[in-house]
Amino acid sequence: MWYKAGKTILRFRISLLFALFVATAFMAWQASKVQLSYDFTRALPTDNPKFIAYQDFLKQFGNDGNTVVIGIQSNRFYEKDFFNEVYALSQRLKKVPGVNEVLSVPDAVTLLNDVENQQLVPQKIFNPPYANQADLDSAKSTFENLPFYRTLLHNPEKKAYLLGVTVNKDSINSKYRTVIVNNILKETGIFESNTKSELQISGLPFIRTVIGDRIKDEMNWFLIGSLALSAITLFIFFRSVSATIMSLLVVGMGVIWSVGTLVLFGYKITLLTALIPPLVVVIGIPNCIYFLNKYHTAYKEKGNKEEALVTMVGRMGIVTLFCNIAAAIGFAVFALTKSQLLKEFGAVAGINILLLFFISLFFIPPVLSFLPAPKTKHTKYLDNAFLASILVKIERWTFHHTRMVYMVTIIVTVISIIGIFRIKSEGFIVDDLPKADKIYTDLKWFEDNFGGVMPLEIIVDTKKKNGLMRSVKPIAAIDEFSAYLDSSEYTARPLSFVEGLKFAKQAFYDGDSLSYAIPYESDLAFIGPYLKAKKDSSGKSDGSGAFNRLINNFIDSNKQKARISVNMKDVGSAKLPELLTAFETRANQVFDTSNYKVSFTGSSVSFLEGSSFIINGLKESIFWAFLLITLCMLYLFKSMRILVSSLIPNLIPLIVTAGVMGWAGIALKPSTVLVFSVALGIVIDVTIRFLINYKQELPAHNNQVNPTLVQTIRHTGISIIYTSLVLIAGFIIFSFSDFGGTKALGWLTSLTLVVGTITNLILLPVLIKQVSVK
């Protein structure tokens, strides 16, 4: 069948090449329309309780993760020149397109008791720019007498101060987010230059934007780097410019098709789908190597180019097809999960890995038919003395040192299994960054000075309209629970409408800081009118707008639900569930569960829950991939003994890699779990190629196992080693990443490939010989 296919491909080579180029041009046109995704909640399925809770919160209270925080730590903060620069920075930031609001010390307001009109009138505390230090000192005294702002805008003990820059949620979740962040950084840079000081910048939108842009830039460079390394390695092996260019064109078309498929399916580039083009490169290169290796081998034997091409398709067509099917299955099973992110990744990766086979099949033979026959220098690698000596040693180990092979395998496996029990499944929002990176150090600065920047939202539902204002009980309960949260070492001071009421009560009693407390039943009568915004004679806001919005953002329109916002430290996916459980337990003690419903949500919860969901989805997908690949191999070889013999050399590399992760202290997270899926698809590829070649050679050696194994090791071993070296070169470049997860993906995958090559060249022949004897 495949020999006929080879002749047909050569007969219609021009038509096939034309059709392939037209299809590639169409895909390139589609790929030009690809867009980036900025939605970070799609890791969770839509029926996940935490996803539903977060969406309900967004409908009622708006976005929670849209504040960029800027920190200042200086003893000069209240010096007039320095303070004027802070004010100027605040004003410039307000003019940045996409910035909705800036909350800072110079913008702070106090409430004055207007006895005549029985109103609390908001008034700005500071009136910068200052020319007189005494005026600033007086305003400072007023500001520091207001507990409301303590740890919200300033930490007096540590001389730390904060600016909160609220950005438009639609803009920060679009392609304009980079422009917004860069404009903010431009203004902070001016401040740093004018004051000779350093600012700390953080917040979830800032972290997401900067890290997302870095990863995108890295992936572009890694794609170029993997292509360059693969090209250099291919040229060193084959000593042929045309063969190298042809191989690069194959993977280049594969990359174009993968991006075009994203657009055709209506998908956007995510942090996961961004990995597909580099994966296409490293998975597509083996197709080229095996085809070229078989072509050169056949030409050396037959001396006829056309016969060699037909033999190449006849011998390698079925092998390459099943290898690509196995690799495609390894990724396509992600489409069976409930996570939209994993579905998109699995569908696009699976389809395009399979398409790589057809691109290779319809491109390589026709192109080779137009090129001159290979010269002696092009096939010289087949007689590589160094590799030949290695393959001779492998033969010796297979036939004369079987016990040693088993012993080393058992020892390594046992040590690896022990390491597996040391693996922790834990992810942090910034755990992939080096500890010296400014994003990481700035985040830790905010955790040390203001308790953190990761938003946690707590919704208190009184289950009745106006339930928050009917009595002081819900107010007292929220205040008690807030005090409990404030006492935690992992959270900042919570903010709720109760803090606004306490602020209003202090103002009612003429600014006495001792009156900053929850109102009594008798005090509730005056609370409502005092929180309404007033306008001056010109109709403009009197400066209370920011304060009023701050209060109104924490109560729903029915005054039934209250929102408690608290910033947390980046505690990680392992600690967060424990922390939330403790919070929920305390909430059930403070709030009567028959009258209140307390729920926990927020973008931090959704983000870390999404990471955990992806990890679990990847684990399940690996299991199903292994099962489906097993069924394919059973169908292919129709022998349980051969099946078992083929699975062991593929399990051991995964076990070794997992063991190394445990001993090295590398946690399971989306980037590291992905190693096993990638490696499984590639390592099983080596196994299939070895076994099919063994099966093809068996009749030529009168079904004698030993001579067939020798021939298979010598012929297939060279292409396996070359392929592994190219793949390792393609993956090792990821080790130069600034992100820990990407770096781990590079060297762990390379390690898996090294171990997989060894087990398939040494252990697999030993197992085949053993089961054949039985």
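Residues numbered from 1 in each chain as written. Predicted model: local features only at pLDDT ≥ 70, side-chain atom pairs only at ≥ 80, totals over all residues. Heavy atoms only, no water.

Asker: Before we go on, may I ask you to explain helix 20 (residues 575-590) in this structure?
Answerer: Every α-helix carries 3.6 residues per turn, so stepping three or four residues along brings you back to the same face. For helix 20, built from 16 residues, the straight-helix expectation of 22 Å at 1.5 Å per residue is met to within 8% by its first-to-last C-alpha distance of 23 Å. Taken together, the buried positions of helix 20 are L576, L579, L580, F583, A587 and V590. The buried side chains of helix 20 occupy one side of the element, clustering within an arc of 95° when seen end-on. Turned more than 90 degrees off the buried face of helix 20, the exposed positions are E578 and Q589. On the buried face of helix 20, the contacting elements are strand 8 (454-461), helix 16 (473-487), strand 9 (561-568), strand 10 (597-601) and helix 21 (603-637). (Helix = DSSP H or I, 4+ residues; strand = E, 2+ residues; numbered from the N terminus. Expected span 1.5 Å × (residues − 1). Buried < 20%, exposed > 50% of the residue type's maximum accessible area, 1.4 Å probe, protein only. Arc of directions from axis to C-beta. Contact = heavy atoms within 4.5 Å.)

Asker: Got a minute to help me understand the pattern of salt bridges in this structure?
Answerer: If the charged atoms of two oppositely charged side chains come close together, the side chains can form a pair. Under the criterion given, the structure shown has 15 salt bridges. Ionic pairing is found between E187 and R92, a salt bridge with its closest N-O pair at 2.6 Å. Pair noted here: E187 is in helix 7 (residues 177-195) and R92 is in helix 4 (residues 80-94), with a separation of 95 residues, a long-range link. A relative accessible area of 13% places E187 in the buried class. A salt bridge links R563 to E457; the nearest nitrogen and oxygen atoms lie 2.9 Å apart. One end of the pair, R563, is in strand 9; the other, E457, is in strand 8, with 106 residues separating them in the sequence. Accessibility assignment for this pair places R563 and E457 in one class, buried. It is possible to trace a salt-bridge network through shared partners that takes in D479, R493, E499 and K502. (Salt bridge = Lys/Arg side-chain N within 4 Å of Asp/Glu carboxyl O.)

Asker: What should I look at first to understand the packing of aromatic side chains in this one?
Answerer: Two measures describe an aromatic ring pair: the distance that separates the ring centres and the angle between the ring planes. Within the structure shown, the criterion is met by 33 aromatic pairs. Summarising the aromatic geometry, the rings of F21 and F363 are spaced 6.1 Å apart at their centres and angled 90° between planes, so their arrangement reads as edge-to-face. Taken together, the residues span a long stretch of sequence, with F21 in helix 2 (residues 13-31) and F363 in helix 12 (residues 340-370) at a distance of 342 residues. With a relative accessible area of 46%, F21 lands in the partly exposed category. A ring pair is formed by Y484 and F583, whose centres lie 6.1 Å apart and whose planes are at 90°; its orientation type is edge-to-face. With Y484 in helix 16 and F583 in helix 20, the pair connects residues that are 99 residues apart, well separated along the chain. Among the aromatic residues, ring-to-ring pairing joins F77, Y78, F82, F83, F126, Y130, F143, F148, Y149, Y161, F191 and F503 into one connected group. Directly above the aromatic system of F370 lies the positively charged group of R13, at a separation of 4.1 Å from the ring centroid. Directly above the ring of W29 sits K33, whose terminal nitrogen or CZ lies 4.0 Å from the centroid. (Phe/Tyr/Trp six-rings, centres within 6.5 Å; stacked < 30°, edge-to-face > 60°. Lys NZ or Arg CZ within 6 Å of the ring centre and 35° of its normal.)

Asker: Help me understand a nonpolar patch on the surface in this model?
Answerer: A grouping of M404, M407, V408, I410, I411, V412, V414, I415, I418 and W663 is seen on the molecular surface, where their side chains present a nonpolar patch of about 930 Å² in accessible area. Per element, the largest residue contribution to the nonpolar patch is nine residues, and it comes from helix 14 (residues 402-420). Among the secondary structure elements, I411 is positioned in helix 14. Among the residues examined, I411 registers a relative accessible area of 46% and is labelled partly exposed. (Patch = residues over 30% accessible without salt bridge, like charges linked within 9 Å, V, L, I, M, F, W, Y side chains within 5 Å. Areas by Shrake-Rupley, 256 points an atom, 1.4 Å probe, with all protein chains shown as cover.)

Asker: Teacher, can you tell me more about the pairing of strand 1 (residues 67-73) here?
Answerer: Each regular strand carries side chains that alternate between the two faces of the sheet. Across the seven residues of strand 1, five count as buried, placing the element largely inside the fold. As paired elements, strand 1 and strand 6 (residues 160-167) share seven bridges and run antiparallel to each other. The residue bridging I70 from the neighbouring strand is L163, located in strand 6. For strand 1 and strand 7 (residues 200-202), the ladder comprises three bridges, and the chain directions are antiparallel. Within strand 7, the position partnered with V69 by the bridge is S202. (Pairing = 2+ DSSP bridges.)

Asker: What should I look at first to understand the side chain of T462 in this one?
Answerer: Locating T462 in the fold gives a position in the loop between strand 8 and helix 16. Exposure remark for T462: the relative accessible area of 4% places this residue in the buried category. Within the structure, T462 has its side chain in polar contact with the backbone oxygen of Q560 (distance 2.8 Å). (Polar contact = N/O pair within 3.5 Å; in protein donor to acceptor, adjacent residues only side chain to side chain.)

Asker: Would you explain the confidence of the model for the protein in this entry?
Answerer: Residues of the protein with pLDDT of at least 70 account for 94%, and the chain-wide mean is 84. Low pLDDT, under 50, characterises residues 537-547; the stretch is placed with 17 contacts to residues that sit more than four places away or in other chains. (pLDDT = per-residue confidence, 0-100.)

Asker: Just checking my understanding: could you explain the sheet that holds strand 10 for this structure?
Answerer: The strand order across the open sheet formed by three strands is 9-8-10, and the pairing between neighbours is antiparallel. The outermost strands of the open sheet, each flanked by one partner alone, are strand 9 and strand 10. Adjacent strand axes in the sheet meet at a mean angle of 20° when their direction is disregarded. Judged from the eight bridges that link them, strand 8 and strand 9 form a sheet pairing that is antiparallel. Bridged to D461 within strand 9 is K561. (Axes fitted to C-alpha atoms, helices over the stretch in contact; angles between N-to-C directions.)

Asker: Explain the packing of helix 8 (residues 204-238) against helix 9 (residues 241-264) here, please?
Answerer: Helix packing geometry: the angle between the two helix axes and the distance between the axes. Between helix 8 and helix 9, whose axes approach to 9 Å, the crossing angle comes to 150°. Regarding the angle of helix 8 to helix 9, the classification is roughly antiparallel. Judged by the sense of rotation from one axis to the other, the crossing of helix 8 with helix 9 is right-handed. Only V241, T244, S247, L248, V251 and V255 of helix 9 make contact with helix 8, whose side of the interface consists of L223, L227, A231, L234 and F235. Of the residues that constitute the contact of helix 8 with helix 9, the class distribution is nine nonpolar, two polar and no charged. (Parallel < 35°, antiparallel > 145°, perpendicular 65-115°, else oblique. Left-handed = near helix turned anticlockwise from the far one by under 90°. Nonpolar A, V, L, I, M, F, W, Y, C, P; charged D, E, K, R; others polar.)

Asker: Help me out: how do you make sense of the packing of helix 14 against helix 22 (residues 640-664) in this one?
Answerer: Across the interface, helix 14 lies against helix 22 with an axial gap of 7 Å and an inter-helix angle of 45°. Classed by the angle they form, the pair helix 14 and helix 22 counts as oblique. Note that helix 14 runs across helix 22; the crossing there is left-handed. The segment helix 14 lies against helix 22, with T409, V412, T413, I415, S416, I417, I418, G419 and I420 engaging I652, I655, V656, A658, G659, G662 and W663. Looking at the contact of helix 14 with helix 22 residue by residue, the class counts come to ten nonpolar, six polar and no charged.

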